Amino acid sequence: MKRLTLSTLFAAILLAGCSSADKGIVPDVPPSELYQEAKQAIDDGQWVKAVEKLEAMDSRYPFGAYSEQVQFDLIFAYYKNGDYVLAESTIDRFLRMNPNHNNLDWVLYMRGLSNMAQDSSLLHEFLNMERSDRDPQPVSRAFFDFKQLLDRYPNSPYAADARARMVSLKNRLADYELATADFYVRREAWMAAINRCQAIQQQFGDTEAARKALPLMVKAYEALGLTEPAERAKQQMALNGVL
């Protein structure tokens with residue numbers, strides 16, 4: 001009886017494994033039908049299903065009639081599904097293969113969005129925490145993507161949104177530099193703090209972080225006994241209305 005139970009259990013496990021593996025298999029249907037299924041999944045917001053269908057098309061028909069549109073749809077579906085790294089790698093592949101495509105402005109825009117999204121933290125959003133000291137590399141990449149879009153396609157329909165996002169990204173980068181300067185001040189690493197604050201003034205002079213960096217500069221200068229630079233920083237504080 002015990003042997004039968006173990007055998008039955010083992011068979012059940014095998015069947016469960018087979019059935020779960022079968023779920024990810026996309027049926028071998030004509031490309032037109034498979035693409036329509038993928039488009040329907042996109043229209044319905046079923047991103048996982050859309051990705052499965054589109055990946056199947058991409059691997060089975062890499063040079064077919066739908067190949068270019070499949071790349072566009074994959075980029076969008078990856079992005080909507082939160083697969084930002086996959087979206088970025090698909091974008092980079094598309095750019096290598098189609099350096100002069102008519103829709104490169106959209107591709108660059110999507111790369112900017114994908115990089116920008118990688119700066120988000122679900123845990124921080126859930127806890128309503130603002131972490132300006134997070135690694136800003138995705139922000140820097142997104143800023144470059146949007147800048148490239150504006151430089152190459154200033155009249156693109158995505159230009160206005162890209163420009164607005166660049167303002168937000170610039171503030172994010174400035175806040176990171178400010179958090180780093182504050183860290184150096186708290187560690188009494190005065191020269192490192194001064195260098196960071198000066199960089200903020202030079203690179204992000206029109207941000208709120210630049211105003212907030214001025215008192216840190218004064219504190220660092222005074223700690224080093226640098227009276228004249230400290231006075232100049234105080235004058236700059238007065239001009240900017242910093243108390």
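- As annotated in an unreviewed UniProt entry, the protein chain carries the name Outer membrane protein assembly factor BamD and comes from Veronia nyctiphanis.
- Listed in UniProt under the heading Subcellular location (unreviewed entry), the comment for the protein chain reads: "Cell outer membrane".
- The heading Sequence similarities (unreviewed entry) in the UniProt record of the protein chain holds the text "Belongs to the BamD family."

1. Focus on the nonpolar core
Then, in step 1: One finds Val-107, Met-110 and Phe-146 to be the most contacted residues of the largest nonpolar core, which totals 46 residues.
Then, in step 2: Among the secondary structure elements, those contributing two or more residues to this core are α4 (67-80), α5 (84-97), α6 (104-117), α8 (137-152), α9 (159-186), α10 (190-203), α11 (208-223) and α12 (227-239).
Then, in step 3: Apart from the residues within four sequence positions on either side, Phe-146 is in contact with Tyr-109, Gly-112, Leu-113, Met-116, Ala-162, Arg-165, Met-166 and Leu-169.
Then, in step 4: Residues Tyr-35, Trp-47, Ala-50 and Leu-74 belong to the second largest nonpolar core, which totals 17 residues.

2. Quick look at the layout of surface pockets
Then, in step 1: By volume, the second largest pocket is sized at about 200 Å³.
Then, in step 2: Lining the second largest pocket are Asp-58, Pro-62, Phe-63, Ser-67, Glu-68, Gln-71, Arg-93, Phe-94, Met-97 and Asn-98.
Then, in step 3: Secondary structure elements with two or more residues in the lining of the second largest pocket: α4 and α5.

3. Structural notes on the packing of α6 against α9
Working note: a packed helix pair is described by the angle between its axes plus the distance between those axes.
Then, in step 1: Taken N-terminus to C-terminus, the directions of α6 and α9 make an angle of 25°; their axes are 11 Å apart at the nearest point. Judged by the angle between their axes, α6 and α9 are roughly parallel. Taken as a pair, α6 and α9 cross one another with a handedness that is left-handed. Here Tyr-109, Leu-113 and Met-116 of α6 come into contact with α9, specifically with Asp-161, Arg-165, Ser-168 and Leu-169.
Then, in step 2: Across the contact of α6 with α9, the residue classes break down as 4 nonpolar, 1 polar and 2 charged.

4. Section: the packing of aromatic side chains
Then, in step 1: For the structure shown, the criterion picks out 8 aromatic pairs.
Then, in step 2: Ring geometry for Phe-72 and Trp-106: centres 5.6 Å apart, planes at 90°, overall edge-to-face. Pair noted here: Phe-72 is in helix α4 and Trp-106 is in helix α6, with a separation of 34 residues, a long-range link.
Then, in step 3: With relative accessibility at 8%, the residue Phe-72 sits in the buried group.
Then, in step 4: The buried category is assigned to Trp-106, whose relative accessible area is 17%.
Then, in step 5: Within the aromatic cluster, the residues linked to one another by ring pairs are Phe-72, Phe-94 and Trp-106.

5. With respect to the confidence of the model for the protein chain
Then, in step 1: Put simply, the protein chain has an average pLDDT of 86, and 83% of its residues get 70 or more.
Then, in step 2: Predicted confidence for residues 6-23 stays below pLDDT 50, and this span has 0 contacts to residues more than four positions away or in other chains.

6. Focus: helix α2 (residues 31-43)
Then, in step 1: A rise of 1.5 Å per residue sets the reference length of α2, with its 13 residues, at 18 Å; its end C-alpha atoms lie 18 Å apart and thus fit the reference within 8%.
Then, in step 2: Every buried residue belonging to α2 is among Leu-34, Tyr-35, Ala-38, Ala-41 and Ile-42, and all of these are buried. The buried residues of α2 occupy an angular sector of 120° when the element is viewed end-on, so they sit on one face. Structural note: α2 exposes Gln-36 and Asp-43 on the side pointing more than 90 degrees away from its buried face.
Then, in step 3: Buried residues along α2 sit in contact with α3 (47-60) and α4.
Then, in step 4: Once α2 ends, the next one or two residues include Gly-45, with phi positive near 70°.

Calculation notes
- Residues numbered from 1 in each chain as written.
- Predicted model: local features only at pLDDT ≥ 70, side-chain atom pairs only at ≥ 80, totals over all residues.
- Heavy atoms only, no water.
- UniProt positions renumbered as here; feature names shortened; annotations may be inferred.
- Core = buried A, V, L, I, M, F, W, Y, C linked by side-chain atoms within 4.5 Å.
- Buried < 20%, exposed > 50% of the residue type's maximum accessible area, 1.4 Å probe, protein only.
- Helix = DSSP H or I, 4+ residues; strand = E, 2+ residues; numbered from the N terminus.
- Contact = heavy atoms within 4.5 Å.
- 1 Å grid on protein atoms, 1.4 Å probe; cavity = no way out; pocket = protein on both sides within 12 Å on 5 of 7 lines; lining within 4 Å.
- Points joined across faces, edges and corners; volume = space filled by probe spheres on them.
- Axes fitted to C-alpha atoms, helices over the stretch in contact; angles between N-to-C directions.
- Parallel < 35°, antiparallel > 145°, perpendicular 65-115°, else oblique.
- Left-handed = near helix turned anticlockwise from the far one by under 90°.
- Nonpolar A, V, L, I, M, F, W, Y, C, P; charged D, E, K, R; others polar.
- Phe/Tyr/Trp six-rings, centres within 6.5 Å; stacked < 30°, edge-to-face > 60°.
- pLDDT = per-residue confidence, 0-100.
- Expected span 1.5 Å × (residues − 1).
- Arc of directions from axis to C-beta.

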